[in-house]
Amino acid sequence: MPDQNSIQQQIQQLTERLHYLNHQYYQNDVSDVSDQEFDRMLAELQTLEQQYPELALPNSPTQRVGGTITKQFPTALHRYPMLSLGNTYSEADLREFDERVRRVLDSDDYTYVCEMKFDGVAMSLTYEDGQLTQGVTRGDGTRGDVVTPNVRTIKNLPLHLRPAPGQPREFEVRGEIFMPNPVFNDLNAEREQNGEALLANPRNAASGTLKLQDSALVAARRLRFFAYSFLSPGRVFSSHSASLRALKDWGLPVSDTWRCCNTITEVLDFIHAWEKKRFELPVATDGIVIKVDDFRQQEILGFTAKSPRWAIAYKYPAEKARTRLNTIQYQVGRTGAVTPVAMLDPVPLAGTVVKRASVHNANQIAALDLRLGDLVFVEKGGEIIPKITGVDLGARPAGAEPIRYPTECPACNTPLVRPEGEAHYRCPNERGCPPQLKARLEHYVSRKALNIEGLGAETVGRFFDLGLLQTPADIYDLPQRRDELVKLERLGEKSITNLLAGIEGSKQVPFDRVLFGLGIRYVGETVAEKLALHYRSIDAMMAASAEELAATPEVGGVIAESLAFWLQDAGNRELIERLRSAGVQLVLTGEAPQAHSDRLAGLTFVLSGVFEDHSRDELEALIVSHGGKVTGSISKKLSYLVAGDKMGPAKREKATTLKVPIIGEADLLAMLPGEDEAQPEEEILALKNSDSSVESKNLETFPAPKSSANDLGRQGSLF
Ligand code: IVH
């Protein structure tokens, strides 16, 4: 039995060394040891803490990995309310602000500090005896959510501070938590590839991440922090600039972009200097914050009800670019809606090159009086897709013709219709219009519907073009057409076997997801689930009258009408019969449709040992139905090892060495959405890069978990 004292000493030494190395790395940009050496020490500490949990120190560097599951965040009152800042877009307002400061102080003797206005999530941190003890969101300004376990995973944020003379025993630091742009771009690229909802901007991504209940998932998201305020009772520093220097000395990350400015002219110079340069920063910024430096003078200036009189935020105008409109492409979506997309001369805008922009619909083309060849203004607000906001009429080429919205479908030449009260023109040729057919097939095989592995969007498109597929029912004829499939290039034996296995497997997919997969207008995932639960079979739904359908609980009139219309269509009835003979589930079996979500999307699990409440098969089915994967072997890429009773020690050891978090059955269940948790349903129009269709994608305010959670490495740091 090793001596407790020596273990304690070992834990303490490792903890201190790792804290020091982290500080060197994140605050001073110095790597004192190799990454492997760092990881080895961290793994050693983790093993010791697992063996002797009672000896683990609070704020241990191992907490960076997360692992705490919070069902509901507790709230806490802010000791000092979290106010907002007065905003302006105008330089004249800034001069006025300066005049007011001079008048109230009755002096010319004051200095400003100019800082970046970071576009993330405000955070209040409490340090006691040099230890981070609490992280609270802004909330309503008076009371916020306590998200300490999530905040502890932010790697450039010190869990304990370097002791320094004059450091108060207890104080608060405020700052901004953000998702660095490259991390955001990676995350979205990955989501796009997986056909998942795109995140609107780094701010939403950061705020959603902070609200995740599993801090291990937060750790994988690589959030960062910048401090911008120090608060404590009593006067510790004489000025804001002195407090920023001290915070940095103590180990807190303070962006080096701030400057002292002696006059409003210097402030304006600072603003101009950063207008373009700010896009080179890895953090999204939307303006400059100007603060009176001297704390005594701040006190004289005081506050209004909402914001300090000693500070103001200058916001940069939304980034705008001017470029030529070459053509309008009309894209036809799954439901036949025709959406115009402007094809532009490539132009740099807020850090990316823009080639297309959305114009929404015909009304907007008319309202903007768009003409081909026009020089148009494109703006990128908070969203990913830029939009055309105006035309440079002075630069209009002579004789430019107004854009004539097509009267026929660009794909199948069917005359377009525009149902009353709708903004979009539609192609009514549901059964023959290629992009609609293709998009419906893509929807049917997609992950949330029949989830047919080996039949992705690209293969569907190819099979469609080859005449192998037209409707979802054709998918079930593919096994009989193996001879044709083997002749296709780039489709090996193995792919065919996978594809056919995927098709066979889809016959087990529960009825509610089949119903969703049929792509009936307005029948999304949640509605499909409700309908399946209520009617329990497609036959019962077909037998119901339009009035009965409209009376289904939680199914509105518009949905019922669309559903009734779909169900009485002869072609759709034939589709249903073919699916039925193929063996697809058109009846709800079991008690309730399987709960499903994409909560575990991108995560892989190994299940090992014997579990208390579920069989291993049940847990596997649960993981899969929430978008996760189950594998057999432990590798560095594994997200979690779910440990049951009697799990072999070798597995535990391997997982520990590879820094794979080990969780229990209860932790796994806690990751899943609760019974009544709503699925975000807000929709945005996303431009697809590859082909000519436009798709609606869910825009979540927060992302589903994605990358592996064991992101302990220090590589990839941005600061
Ligand atoms: S100082 C009294 N400094 O802007 C408010 N705020 O409207 C003192 N923000 O949500 C805030 N960068 O999170 C300050 N350098 C900076 C900032 C900053 C971003 C955010 C802050 C708050 C909002 C204020």
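As the structure is a prediction and not an experimental result, all values here were calculated from the model. (Residues numbered from 1 in each chain as written. Predicted model: local features only at pLDDT ≥ 70, side-chain atom pairs only at ≥ 80, totals over all residues. Heavy atoms only, no water.)

Draft legend 1. View of the pattern of salt bridges. Across all of its chains, the model carries 30 salt bridges by this definition. Where Arg 203 meets Asp 119, a salt bridge forms, and the shortest distance between an N and an O atom there is 2.9 Å. Note that Arg 203 is positioned in helix α6 (residues 202-210) and Asp 119 in the loop between β3 (112-118) and β4 (121-128), a separation of 84 residues in sequence. Of the residues examined, Arg 203 reaches a relative accessible area of 32% and is grouped as partly exposed. Linking Arg 482 and Glu 493 is a salt bridge whose minimum nitrogen-to-oxygen distance equals 2.9 Å. (Salt bridge = Lys/Arg side-chain N within 4 Å of Asp/Glu carboxyl O. Helix = DSSP H or I, 4+ residues; strand = E, 2+ residues; numbered from the N terminus. Buried < 20%, exposed > 50% of the residue type's maximum accessible area, 1.4 Å probe, protein only.)

Draft legend 2. Structural detail: the site of the ligand. Taken together, 13 residues lie near the ligand, and Leu 85, Glu 115, Met 116, Glu 176 and Tyr 228 sit nearest. Here an oxygen atom of the ligand sits 2.6 Å away from a polar atom, N or O, in the side chain of Tyr 228. In isolation the ligand exposes 520 Å². Once the protein is present, 86% of that is buried. Contributions of two or more residues to the shell around the ligand are made by β3 and β10 (285-292). When residues of the shell around the ligand are assigned to their parent elements, the largest contribution, four residues, is made by β3. Taken together, the residues of the shell around the ligand break down into eight nonpolar, one polar and four charged. (Near = heavy atom within 4 Å. Polar contact = N/O pair within 3.5 Å; in protein donor to acceptor, adjacent residues only side chain to side chain. Areas by Shrake-Rupley, 256 points an atom, 1.4 Å probe, with all protein chains shown as cover. Nonpolar A, V, L, I, M, F, W, Y, C, P; charged D, E, K, R; others polar.)

Draft legend 3. Quick look at the confidence of the model for the chain. For the chain, the average pLDDT comes to 85, and 89% of its residues sit at 70 or higher. Across the chain, strand β9 (residues 259-261) holds the top mean pLDDT of 98, while strand β22 (residues 683-687) sits lowest at 25. Contacts of residues 675-719 to residues separated by more than four positions or lying in other chains number 149 contacts, the stretch itself having pLDDT below 50. (pLDDT = per-residue confidence, 0-100. Contact = heavy atoms within 4.5 Å.)

Draft legend 4. Looking closely at the packing of aromatic side chains. Under the counting rule described, the total for this entry stands at 17 aromatic pairs. The interplanar angle of 70° and the centroid separation of 6.1 Å between the aromatic rings of Phe 230 and Trp 250 together place this pair among those described as edge-to-face. A residue pair is termed long-range when its members are at least 10 positions apart, and Phe 230 in strand β8 (residues 224-231) and Trp 250 in helix α8 (residues 240-250) qualify at 20 residues. Their ring planes at 90° and their centres at 6.5 Å tell us that Tyr 444 and Tyr 476 sit as a pair that is edge-to-face. Taken together, the residues span a long stretch of sequence, with Tyr 444 in helix α12 (residues 434-445) and Tyr 476 in the loop between α14 (472-475) and α15 (482-486) at a distance of 32 residues. Residues Tyr 444 and Tyr 476 agree in their burial class; the two are buried. Aromatic ring contacts, followed pair by pair, group Tyr 127, Phe 171, Phe 230, Phe 237 and Trp 250 into a single cluster. Residue placement shows Lys 277 over the ring face of Trp 274; its charged tip is 4.4 Å from the ring centre. (Phe/Tyr/Trp six-rings, centres within 6.5 Å; stacked < 30°, edge-to-face > 60°. Lys NZ or Arg CZ within 6 Å of the ring centre and 35° of its normal.)

Draft legend 5. Spatial organisation of the packing of α12 against helix α13 (residues 457-465). One can describe the packing of α12 onto α13 by two numbers: an axis separation of 9 Å at closest approach and a directional angle of 140°. In terms of orientation, α12 lies oblique with respect to α13. Remark: the crossing between α12 and α13 carries right-handed chirality. Contacts between α12 and α13 involve Pro 434, Leu 437, Lys 438, Leu 441, Glu 442 and Val 445 on the former and, on the latter, Ala 457, Val 460, Gly 461, Phe 464 and Asp 465. Its residues assigned to classes, the contact of α12 with α13 comprises seven nonpolar, one polar and three charged. (Axes fitted to C-alpha atoms, helices over the stretch in contact; angles between N-to-C directions. Parallel < 35°, antiparallel > 145°, perpendicular 65-115°, else oblique. Left-handed = near helix turned anticlockwise from the far one by under 90°.)

Draft legend 6. Spatial organisation of the environment of Ile 503. As for its position among the elements, Ile 503 is in helix α16 (residues 493-505). Between the C-alpha atoms of Ile 503 and Leu 478, which are 25 residues apart in sequence, the distance is 8.7 Å. Look past the residues within four positions of Ile 503 in its chain and what remains in contact with it is Ile 452, Ile 475, Tyr 476 and Leu 478.

Draft legend 7. The arrangement of the environment of Val 289 in detail. Positionally, Val 289 belongs in strand β10. Setting aside its immediate chain neighbours within four residues, Val 289 contacts Leu 85, Val 113, Cys 114, Glu 115, Met 116, Lys 117, Ile 312 and Ala 313.

Draft legend 8. The nonpolar core, seen in detail. Of all hydrophobic cores here, the largest spans 56 residues; its most connected members are Phe 463, Ile 475, Tyr 476, Leu 485 and Leu 515. The element contributing the most residues to this core is helix α21 (residues 557-568), with six residues. When near neighbours in sequence (up to four residues on either side) are disregarded, Phe 463 contacts Leu 455, Leu 468, Leu 469, Leu 478, Leu 485, Leu 488, Leu 491 and Leu 499. Formed by 54 residues, the second largest nonpolar core is a distinct cluster that contains Val 151, Val 183, Phe 184 and Leu 244. (Core = buried A, V, L, I, M, F, W, Y, C linked by side-chain atoms within 4.5 Å.)

Draft legend 9. The arrangement of the environment of Asn 413 in detail. The residue Asn 413 is located in the loop between β16 (387-391) and β17 (425-426) in this model. A residue is classified by how much of its surface remains accessible, and Asn 413, at 51% relative accessible area, is exposed. Residues Asn 413 and Cys 427, 14 residues apart in the sequence, show an inter-C-alpha distance of 8.7 Å.

Draft legend 10. Structural context of the sheet that holds strand β7 (residues 170-178). With respect to topology, four strands assemble into an open sheet ordered β5-β4-β7-β8, the strand pairing being antiparallel. Both outer strands of the open sheet, β5 (131-137) and β8, are each paired with one neighbouring strand and no more. Strand-to-strand twist of the sheet, defined as the mean angle between neighbouring strand axes without regard to direction, takes the value 30°. By the bridge criterion, seven bridges tie β7 to β8 in an arrangement that is antiparallel. When the sheet's bridge partners are listed, Ile 177 is paired in β8 with Phe 225. Packed on one face of the sheet, α6 meets β4 and β7 and runs near 45° to β4. Contacts from α8 reach β7 and β8 within the one sheet, and its direction differs from that of β8 by about 130°. (Pairing = 2+ DSSP bridges.)

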